[in-house]
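# Report on the structure
Take a look at the letters that make up each chain.
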Amino acid sequence: MPMNLEQDFVLKTIESRDVHFVRFWFTDVLGHMKSFAVIPSELDNAFQEGMGFDGSCIEGFSQWQEADMLAFPDPSTFQVLPWRPQSNAVARMICSVCTPDGRPFEGDPRYVLERQVRRAAEMGYGFNVGPELEFYYFKDDQGTEVLDRGGFFDLTSLDYASDLRRDTVLTLENMGIPVEYSHHEKGPSQNEIDLRYDEALSMADAVMTYKMVVKEIALKHGVYASFMPKPMADQPGSGMHVHQSLFYLDGGNAFFDPDNPAGYGLSDTAKHYLAGILKYAPEFCLVTNQHVNSYKRLAAGGDAPVAVGWSRHNRSTLVRVPSYRPNSENASRIELRSPDPSANPYLAFAAMLAAGLSGIEQQLPLEPPCEGDSCPADGVGRRLPESLGEAVELFANSQLMREAMGPLVHDYLVQAKRREWEEYQAVVTPWERDRFLAVL
């Protein structure tokens, strides 16, 4: 099979940039980055036939009867790693995982998202997402000693992390990942860097790269970056708010209706999509909030949502309809506020899209918004799961999630997370429970 233009560009860049190793990146089901290095002379074969590796060592892959897997690099994701030496440089490509007969592996999280994106395309839509990831800087990985006592948007000596954020943003942009803005968050040493929206698969790749870059730059500065949802009991948790919208494949925002009589600028398509998110959010919570620690953040009295509801102005709701530019078609979107940054972005985006598309297919009616200073404690009578154990059972019994994730991923998540919950329940002393919630 002849080289395409992207593959040819990769090979020429490797030669011109003195690249001696290309890391093949992919994720396990839980969203942990996996990698192995390939020398440039093997790339011709890798593009055409894939590179073999032992899938039995990977979380979620080991249930597959055939341990041998193939990693096919996506040439569009090629980037030289800026934090590695530029002499004898190292690059990376993100891979799709296939079985030995060349079929996409159903346990590959990237393939799970690809299936849902394809489903949206068959309905005439593209799926755009723009996540806001929050994280903490700590002195090291042995505890939670913060670096500063800054707060929202501080730009003073209190904001010790300004240089770290600057270096992180520059590194992301060097890797072709556009950043909208960055700032100090509410908690001490808590920060946020927001990526410019993109189509879902590219954005999931970018989120995995983002988390790697944040940690690498922190290490370079001699500190530790944590994406743990709730690392400190007395400080705000870290979220991954996900802005999302559907666009028609031939152009135009499917969520925008300037004549919306309610004044939200939402089309009927957007309302059905939002209704789907509200209906299925408790069922996909295991994907967007996958750890015991995630439910320390999704607790009453905090900034994260606990009830199922939506609003335009109320930031405590599960879903918000941003109104920064109410008459802008490109800005019309919804924001899901429950996910946290420990989630696997491929599975999280797939779960959201599956829920929203189901809302459209079922023509679900949208419940009234929740406005005012705060929502009722029980929202419209439904809440998000209050623990990992509750989330596991809702997910286990969800037909939509089984279809969206595929039986292999769905069943693995149920088994793995039931085991995590049971292990946590068996812990007795508070000290041991703190150790169980080790920093991610």
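Before any of the text, the structure's been laid out above.
Thresholds, definitions, all that
- Residues numbered from 1 in each chain as written.
- Predicted model: local features only at pLDDT ≥ 70, side-chain atom pairs only at ≥ 80, totals over all residues.
- Heavy atoms only, no water.
- Helix = DSSP H or I, 4+ residues; strand = E, 2+ residues; numbered from the N terminus.
- Buried < 20%, exposed > 50% of the residue type's maximum accessible area, 1.4 Å probe, protein only.
- Contact = heavy atoms within 4.5 Å.
- Areas by Shrake-Rupley, 256 points an atom, 1.4 Å probe, with all protein chains shown as cover.
- Phe/Tyr/Trp six-rings, centres within 6.5 Å; stacked < 30°, edge-to-face > 60°.
- Core = buried A, V, L, I, M, F, W, Y, C linked by side-chain atoms within 4.5 Å.
- Domains from an automatic or database assignment.
- Disulfide = S-S within 2.5 Å.
- Expected span 1.5 Å × (residues − 1).
- Polar contact = N/O pair within 3.5 Å; in protein donor to acceptor, adjacent residues only side chain to side chain.
- Salt bridge = Lys/Arg side-chain N within 4 Å of Asp/Glu carboxyl O.
- 1 Å grid on protein atoms, 1.4 Å probe; cavity = no way out; pocket = protein on both sides within 12 Å on 5 of 7 lines; lining within 4 Å.
- Points joined across faces, edges and corners; volume = space filled by probe spheres on them.
- Nonpolar A, V, L, I, M, F, W, Y, C, P; charged D, E, K, R; others polar.
- Axes fitted to C-alpha atoms, helices over the stretch in contact; angles between N-to-C directions.
- Parallel < 35°, antiparallel > 145°, perpendicular 65-115°, else oblique.
- Left-handed = near helix turned anticlockwise from the far one by under 90°.

### Some points on the overall build of the chain
- Scanning the chain for helices and strands turns up 12 helices and 15 strands.
- Put simply, the chain has 440 residues, and 56% of those count as buried.
- Considering only residue pairs separated by 6 or more positions, the chain has 70% of its internal contacts joining residues 24 or more positions apart.
- A total of about 18,700 Å² of accessible surface is found on the chain, and carbon and sulfur atoms cover 50% of it.

### Here's the deal with the packing of aromatic side chains
- Applying the stated rule across the entire model yields 12 aromatic pairs.
- Seen from their ring centres, phenylalanine 24 and phenylalanine 36 are 5.6 Å apart, and the 45 degrees between their planes marks the pair as tilted. In this pair, phenylalanine 24 is assigned in strand β1 (residues 19-27) and phenylalanine 36 in strand β2 (residues 33-38), connecting sequence segments 12 residues apart.
- The class of phenylalanine 24 is buried, set by a relative accessible area of 0%.
- Taking 5.5 Å as the distance between ring centres and 50 degrees as the angle between the ring planes, the aromatic pair formed by phenylalanine 135 and phenylalanine 227 counts as tilted.

### Looking at the environment of glutamate 145
- Secondary-structure assignment places glutamate 145 in the loop between β7 (125-138) and α4 (162-174).
- Non-local contacts of glutamate 145, meaning those with residues more than four positions away in its chain, are made with Tyr137, Phe138 and Lys139.

### What to know about the nonpolar core
- Counting residues in hydrophobic clusters, the biggest one holds 96 residues, and the most contacted among them are Leu246, Phe349 and Met405.
- Residue assignment places this core across two domains, with domain 1 (5-105) and domain 2 (113-430) each supplying three or more.
- Filtering out sequence-adjacent residues up to four positions away, methionine 405 remains in contact with Glu106, Val112, Arg115, Val287, Leu347, Ala350, Ala351, Phe395 and His410.
- Core analysis: the next-biggest nonpolar cluster, separate from the first, contains 26 residues, Phe26, Phe61, Met93 and Phe105 among them.

### Structural notes on the state of the cysteines
- As enumerated under the stated definition, the model contains zero disulfides in all.
- Distance from the sulfur of cysteine 95, which forms no disulfide, to the nearest cysteine sulfur (cysteine 98) is 10.0 Å.

### Details of helix α8 (residues 345-361)
- A rise of 1.5 Å per residue sets the reference length of α8, with its 17 residues, at 24 Å; its end C-alpha atoms lie 24 Å apart and thus fit the reference within 8%.
- Among the 17 residues that make up α8, 16 are buried, leaving the element largely enclosed by the rest of the structure.
- N-capping of α8 is provided by asparagine 344, with a side-chain oxygen placed 3.1 Å from the backbone N of tyrosine 346.
- Just downstream of α8 lies glutamine 363, where phi reads positive at about 55 degrees.

### Description of the pattern of salt bridges
- Counted under the stated rule, the structure contains 15 salt bridges.
- Taking the shortest distance from any N to any O, the salt bridge between aspartate 74 and arginine 110 comes out at 3.1 Å. Here arginine 110 lies in helix α3 (residues 109-122) and aspartate 74 lies in the loop between β4 (68-73) and β5 (79-80), a separation of 36 residues in the sequence.
- With its nearest N and O atoms 3.6 Å apart, the salt bridge here joins arginine 166 to aspartate 163. On the criterion of helical spacing, the pair formed by arginine 166 and aspartate 163 is a turn pair, its members being three residues apart in helix α4.

### Some remarks on empty space enclosed by the protein
- Inspection of the entire model under this criterion finds one cavity of 30 Å³ or more.
- Computed from the structure, the largest cavity encloses a volume of approximately 30 Å³.
- What lines the largest cavity is simply Trp25, Phe26, Thr27, Ile94, Cys95, Asp108, Arg110 and Tyr346.
- Secondary structure elements with two or more residues in the lining of the largest cavity: β1 and β6 (89-98).
- A per-element tally of the lining of the largest cavity places β1 first, with three residues.
- Residues of the lining of the largest cavity, tallied by class, amount to five nonpolar, one polar and two charged.

### What to know about the side chain of arginine 337
- Residue placement: arginine 337 occurs in the loop between β15 (334-336) and α8.
- Judged by relative accessible area, arginine 337 falls into the buried class, the value being 8%.
- Polar contacts involving the side chain of arginine 337 include one to the side chain of glutamate 335, which spans 2.9 Å.
- With residues near it in sequence (within four places) discarded, arginine 337 still touches His241, Arg297, Pro305, Arg315, Thr317, Leu318 and Arg320.

### A word on the packing of helix α6 (residues 268-288) against α8
- Orientation of α6 relative to α8, taken along the N-to-C sense of each, is 140 degrees, at an axis distance of 6 Å. As the angle between them shows, α6 and α8 are arranged oblique. Remark: the crossing between α6 and α8 carries right-handed chirality. Contacts between α6 and α8 involve Thr269, His272, Tyr273, Gly276, Ile277, Tyr280, Phe284, Val287 and Thr288 from the former and Leu347, Ala348, Ala351, Met352, Leu353, Ala355, Gly356, Leu357, Ser358, Gly359 and Ile360 from the latter.
- By residue class, the composition of the contact of α6 with α8 is 13 nonpolar, seven polar and no charged.

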